[in-house]
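# Observations on the model geometry
Residues per chain, in single letters:
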Amino acid sequence: MSSQFAPDSTHQALAGCGARLRDARLAAGLSIDDVATRLRMPARVVQSLEAEDWSRLGAPVFVRGQVRSYSRLLGLTTAPMMAALNIEPVEPTRLVSRTHTPKAQWWAEQIGRRLVYIVLTLSLAIPAWVATRQHLNGTPATIAALDTPVMPVAHGKPAVPAVPAAPRTVVASMAPMGAAVQPEPAPSADIVLRATGQSWLEVIARDGNVLDKTMLADGAEKRYPMDQVQRLTIGNATVVQMQAGGRPMNVMEHARANVARFAVSSDGSLAAQD
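Read on for an overview of the structure. (Residues numbered from 1 in each chain as written. Predicted model: local features only at pLDDT ≥ 70, side-chain atom pairs only at ≥ 80, totals over all residues. Heavy atoms only, no water.)

## Quick word on the environment of Leu-76
You can see Leu-76 is positioned in the loop between α5 (60-74) and α6 (78-84). Given a relative accessible area of 22%, Leu-76 falls into the partly exposed group. (Helix = DSSP H or I, 4+ residues; strand = E, 2+ residues; numbered from the N terminus. Buried < 20%, exposed > 50% of the residue type's maximum accessible area, 1.4 Å probe, protein only.)

## Considering the packing of helix α2 (residues 17-27) against α5
Put simply, α2 and α5 touch, their axes get as near as 10 Å, and they point 35 degrees apart. Two packed elements cross with a definite hand, and for α2 against α5 that hand is left-handed. Seen from α2, the contacting residues are Cys-17, Leu-21, Ala-24 and Arg-25; seen from α5, they are Val-67, Tyr-70, Ser-71 and Leu-74. The residue makeup of the contact of α2 with α5, split by class, is six nonpolar, one polar and one charged. (Axes fitted to C-alpha atoms, helices over the stretch in contact; angles between N-to-C directions. Left-handed = near helix turned anticlockwise from the far one by under 90°. Contact = heavy atoms within 4.5 Å. Nonpolar A, V, L, I, M, F, W, Y, C, P; charged D, E, K, R; others polar.)

## Re unusual backbone geometry
Even without glycine at this site, Arg-40 takes up a positive phi of about 55 degrees. By the secondary structure assignment, Arg-40 is in the loop between α3 (32-39) and α4 (43-51). Judged by its relative accessible area of 54%, Arg-40 is exposed. Although it is not a glycine, Asn-236 adopts a positive phi angle of roughly 50 degrees. Within the fold, Asn-236 resides in the loop between β5 (229-235) and β6 (240-244). You can call Asn-236 partly exposed: its relative accessible area is 27%.

Everything listed is a geometric property; what it means functionally is a separate question.
As C-alpha cells, then:
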C-alpha cells in the first residue's frame, strides 16, 4: 500500500523541522552514523529526515515514528514536531481472497456430503431391519416344536410332551449406525495478528512486493496465509499478539527497539530476524 502526504501547504508547515534536527545533532557532537547506530536505522533515513525529503521515507506513520525517535534522542520536545506533521490518515489495505468459493458450489458440496451420509446410513440400517423382520415373522409352531423337550418313555406309556417353554424374544437394535469418524482439521496455516493497542505493520509478499502496510488499532485482527508471506515487520511489538500455523509466538522475545521482524522460510516455518 502506498500513502501520499498532504498537499504542498503541509510541506511548507514542515519547513525547518529537518534543520532543527541537524542543528541539535551538531550541538550534541554526533555524526549521522552515530545517530543511525543509536536509532537502529539506515544512515540514508537520517539524511532524509534532516533534508526533509519525506517522499523517500514511505508511509506517513513511518515518518512520524522516525521524527519522534530522532527528537527524543536529541532531547527535543516532540509535541511541536508532531503538530507540524500534518499528514493524511492511513487507509488500511483491502485484502481480496484468492480462494473464494462461489455460493452455488458451496451449497452443492454441502448437499453432496449430506446425501453420502444418508446413503451410507440406509445401506447399513436396511439389511439389519430386513433380517430382523424375517426372524420375527418365522413359523411359531416350528419354533415351539424345536424348543419343546420330550419326556422319556416310562413303563410302556407313550412319551408326553412337556409344557412348552415360552418363546424366546429376539430384539434387534434399529439405532442408525454412527457416521464415520471425521479427521480433525489441520492447524491453520495462517499468520494471525491481534492488537491490544495502536501499532503499525508491514507485510512483504513472496514476490518481494508490499502485501500490506497499515496501522493496527486497538482490538484489530489481521490474518495472512503463510504461503503468501516472505517477511513482516511489527512496530510497537508490546501490544501485538501473534500466532503462526496455530501456535502462539512471543513477539517481544524477538523485538529490537520495540520493533519485531520475522521471515517465512520456504517450508512454511516462521523465524525471527535481527
